[in-house]
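Each chain is listed here by its residues.
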Amino acid sequence: MTSRAIVIGGSIAGLLHARILAEFFDDVSVIERDALPEAPDFRNGVPQGRHVHALLAQGQQLMEKLFPGLADDFVEIGAPRLTWGLDTAYMTSGGWLRRYDTGIQVNQITRIALEFLLRKRLQKLYPNVTFVSDCVAEGLASNGSRVTGIHCTPRGGETETKLADLVVDASGRNSKAPEWLKALGYEAPLETQVKSYIGYATRWYECPADPPDWRILFIQANPKRGILRGAAIFEVEGGRWLATLGGVNKDYPPTDEAGFLEYARSLPTPVFYEAIRDAKPLSPIYGYRIEGNRLRHYEKVARQPDGFIVVGDAVCGFNPLYGQGMTVAAIEAVLLREMLAKTALPLPEGFASVFQQRLAKAIQNAWLLATGEDLRYPGTEGTKPGTADRFVQWYTDRVLEVMPYDETISHAFTEVANLTASPTVLLRPSVALRVLRHQLRGSHHDSSDSLSSVPPRVTSTTT
Ligand SMILES: Cc1cc2nc3c(=O)[nH]c(=O)nc-3n(C[C@H](O)[C@H](O)[C@H](O)COP(=O)(O)OP(=O)(O)OC[C@H]3O[C@@H](n4cnc5c(N)ncnc54)[C@H](O)[C@@H]3O)c2cc1C
């Protein structure tokens, strides 16, 4: 008998999960409400596509494993390959990080091109995957004990039912899965929200003819000093810069030209403003607002129907400032592969429930990183940190303060931020003792002069 899987949503999480399902199911359908462009282009279902999207090292490594040669596709379209440290200018609340060769390499690519390349590879390599575009999933079909498919409506057509052994909801933050489950008599998952009220304003520029020696500029806000504003410039394919201003706690960056420039001038370092001041704009200024982090606890529902799982932003949407969403989607896809590899079809009873529990564990670090950081800002709504969390925040502050002076600590932080290492590496004695030593030495200082320009690259290791 033909085994079938359906994925709702043809964005990053949907594509990565379809890739996994294609290994195990005879027939995989990706149901996407948008028309899918024949070239990298914006579409309504992914409004965030106009904004900077960092692909963290862990995300790129996992995607490369799923689609060997993907990095070559990136290079072919001109997405710069860069080394964290050497090619990045990264200012945390502790100052600029040292610019040395971390050995951590990534390509910087627009969100629209990444999605396009993943889709093309999937279509080429897996003929058992079919894209059903211009079609909206409206609800779940069930036989009373398990989900058996979806109800969906093609644009301008009649609602129909498509049957499947497994339905994967990858429809993003606006997922209707809780309502769909309730309609079948199941409970909706509880939600945890940490609302930091983030605003983005992004403009695309031509990369200048005489570019700086960094290819990513990243300026973090600083809760300790009440600075709610940050910014980033990413060099991407096509010789373009994506320049984004971001504010938390409703300090939203304006989308008019004068306001955009003024906000840029108000950052704790002039580097962003000086970079864009004379650069040639290629686009209007696009705005985006989002409440913050939201986690739906599918792992805690008393009764999870078999035949249905939820992934990607549909489960957990993060404050995008930390660049985690696409990488977390890749982590989840790899988890699904591990579980399917150990299971024969038809999927046994309880598979969906175990998957959601393991997913919740797999994304825990990313959730704690994003929400722990957001909760430092006074206007963030959410459960305030307990004593242990406050200690972690205090310790993180010390780490940030001394990172500019120590490559070992800086390296550990870079790995954690790229999700290639667990945050616990920052607590290892080899790191913690160095943090303490710098504290005793008083290695850190607060001079705003040192923030005014990007530090030069360094080649030697200094402690
Ligand atoms: C401003 C912003 C900046 C971000 N920056 C980063 C970053 O730097 N790095 C990073 O890793 N992540 C970032 N993210 C998060 C990232 O965009 C998502 O995590 C990533 O796209 C994966 O999301 P997803 O595939 O689960 O959902 P989405 O990308 O939201 O896609 C959902 C898909 O489902 C489709 N769909 C929805 N409902 C239906 C339906 N009923 N029927 C059929 N189709 C449907 C939509 O059309 C869409 O294609 C950012 C997000 C925002 C908002």
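Thresholds applied
Residues numbered from 1 in each chain as written. Predicted model: local features only at pLDDT ≥ 70, side-chain atom pairs only at ≥ 80, totals over all residues. Helix = DSSP H or I, 4+ residues; strand = E, 2+ residues; numbered from the N terminus. Rg over C-alpha atoms; globule rule 2.2 N^0.38 Å. Buried ≥ 20, exposed ≤ 12 C-beta atoms within 10 Å, placed from the backbone. Core = buried A, V, L, I, M, F, W, Y, C linked by C-beta atoms within 7 Å. Contact = placed C-beta atoms within 7 Å. Pairing = 2+ DSSP bridges. Axes fitted to C-alpha atoms, helices over the stretch in contact; angles between N-to-C directions. Near = placed C-beta within 6 Å. Nonpolar A, V, L, I, M, F, W, Y, C, P; charged D, E, K, R; others polar. Domains from an automatic or database assignment. Parallel < 35°, antiparallel > 145°, perpendicular 65-115°, else oblique. Left-handed = near helix turned anticlockwise from the far one by under 90°.

**Describing the overall build of the protein chain**
Step number 1: Summing up its helical and strand segments, the protein chain has 13 helices and 18 strands in all.
Step number 2: What you see for the protein chain is a C-alpha radius of gyration of 22 Å, in line with the 23 Å of a compact globule of 463 residues.
Step number 3: In terms of its C-alpha atoms, the protein chain occupies a principal-axis envelope of roughly 70 × 50 × 40 Å.
Step number 4: Looking at the 463 residues of the protein chain, the share that counts as buried comes to 46%.

**Let's talk about the nonpolar core**
Step number 1: Within the largest apolar cluster, 121 residues are counted, with the highest numbers of intra-cluster contacts made by Val7 and Leu217.
Step number 2: Apart from the residues within four sequence positions on either side, valine 7 is in contact with Gly14, His17, Ala18, Leu21, Val28, Val30, Ile31, Val168 and Ala170.

**Overview of the sheet that holds strand β11 (residues 166-169)**
Step number 1: With respect to topology, 5 strands assemble into an open sheet ordered β7-β2-β1-β11-β17, the strand pairing being parallel. The open sheet has two free edges, formed respectively by β7 (129-132) and β17 (308-310), since each of these has just one partner strand. With direction set aside, neighbouring strand axes in the sheet form an average angle of 20°.
Step number 2: Looking at chain direction, strand β1 (residues 4-8) and strand β2 (residues 27-31) are connected through 5 bridges and run parallel. Its bridge partner lying in β2, isoleucine 8 is registered against isoleucine 31.

**Quick look at the pairing of strand β9 (residues 147-154)**
Step number 1: Alignment of strand β8 (residues 135-142) against β9, held across 7 bridges, turns out to be antiparallel. Bridging across to β9, serine 142 finds its partner in valine 147.
Step number 2: Between β8 and β9, which pair antiparallel in sequence order, lie 4 residues; one of them, glycine 144, sits at a positive phi of approximately 100°.
Step number 3: Judged from the 4 bridges that link them, β9 and strand β10 (residues 160-163) form a sheet pairing that is antiparallel. Bridging from a neighbouring strand, glycine 149 pairs with leucine 163 of β10.
Step number 4: Connecting β9 to the next strand, β10, in antiparallel fashion are 5 residues, including glycine 156 with a positive phi near 75°.

**Looking at the environment of valine 194**
Step number 1: Examined against the element boundaries, valine 194 turns out to sit in strand β12 (residues 191-206).
Step number 2: By the C-beta count within 10 Å, which is 22 here, valine 194 ends up buried.
Step number 3: What valine 194 contacts, discounting residues up to four positions off in sequence, is Gly292, Asn293, Thr371, Asp374, Leu375, Thr380 and Gly382.

**What to know about the site of the ligand**
Step number 1: Taken together, 37 residues lie around the ligand, and Gly9, Gly45, Gly172, Gly312 and Gly325 are the ones closest in.
Step number 2: It is helix α8 (residues 325-341) that contributes the most residues to the shell around the ligand, 4 residues altogether.
Step number 3: Each residue belonging to the shell around the ligand can be placed in one class, and the counts come to 17 nonpolar, 15 polar and 5 charged.

**A closer look at the domain arrangement of the protein chain**
Step number 1: Assigned domains within the protein chain: domain 1 (4-47 + 112-192 + 294-368), domain 2 (70-111 + 194-291) and domain 3 (387-451).
Step number 2: Taken together, the 11 residues of domain 1 in the interface contact 14 residues of domain 2.
Step number 3: Taken together, the residues that form the side of domain 1 that touches domain 2 break down as 8 nonpolar, 1 polar and 2 charged.

**Overview of unusual backbone geometry**
Peptide bonds are mostly trans, and most non-glycine residues show a negative phi.
Step number 1: Following leucine 345, the chain continues into proline 346 via a peptide bond in cis, with omega recorded as -5°.
Step number 2: Positionally, proline 346 belongs in the loop between α8 and α9 (351-362).
Step number 3: Of note in the backbone geometry, lysine 250 takes a positive phi value of approximately 70° without being a glycine.
Step number 4: Tracing the backbone through its elements, the reader meets lysine 250 in the loop between β15 (240-247) and α6 (257-265).

**A word on the pairing of strand β4 (residues 88-92)**
The side chains of a regular strand alternate between both faces of the sheet.
Step number 1: Across the 5 residues that make up β4, a large majority, 5, are buried.
Step number 2: In this structure, β4 lies alongside strand β13 (residues 216-219), joined through 4 bridges in parallel fashion. Within the sheet, the bridge partner assigned to tyrosine 90 lies in β13 and is phenylalanine 218.
Step number 3: Strand direction decides the pairing type here: β4 and strand β5 (residues 95-96), joined by 2 bridges, are antiparallel. Residue pairing for β5: methionine 91 is matched across the bridge by tryptophan 96.
Step number 4: Counted between consecutive antiparallel strands, the loop separating β4 from β5 contains 2 residues.

**Notes on the packing of helix α1 (residues 12-24) against helix α4 (residues 111-125)**
Step number 1: For the pair α1 and α4, the least separation of the axes is 10 Å and the interaxial angle reads 20°. Relative to α4, α1 is oriented roughly parallel. Considering the relative orientation of α1 and α4, their crossing is left-handed. Residues Ile12, Leu15, Ala18 and Arg19 of α1 form the contact with α4, whose participating residues are Glu115, Leu118, Arg119 and Leu122.
Step number 2: Looking at the contact of α1 with α4, its residues break down into 5 nonpolar, no polar and 3 charged.

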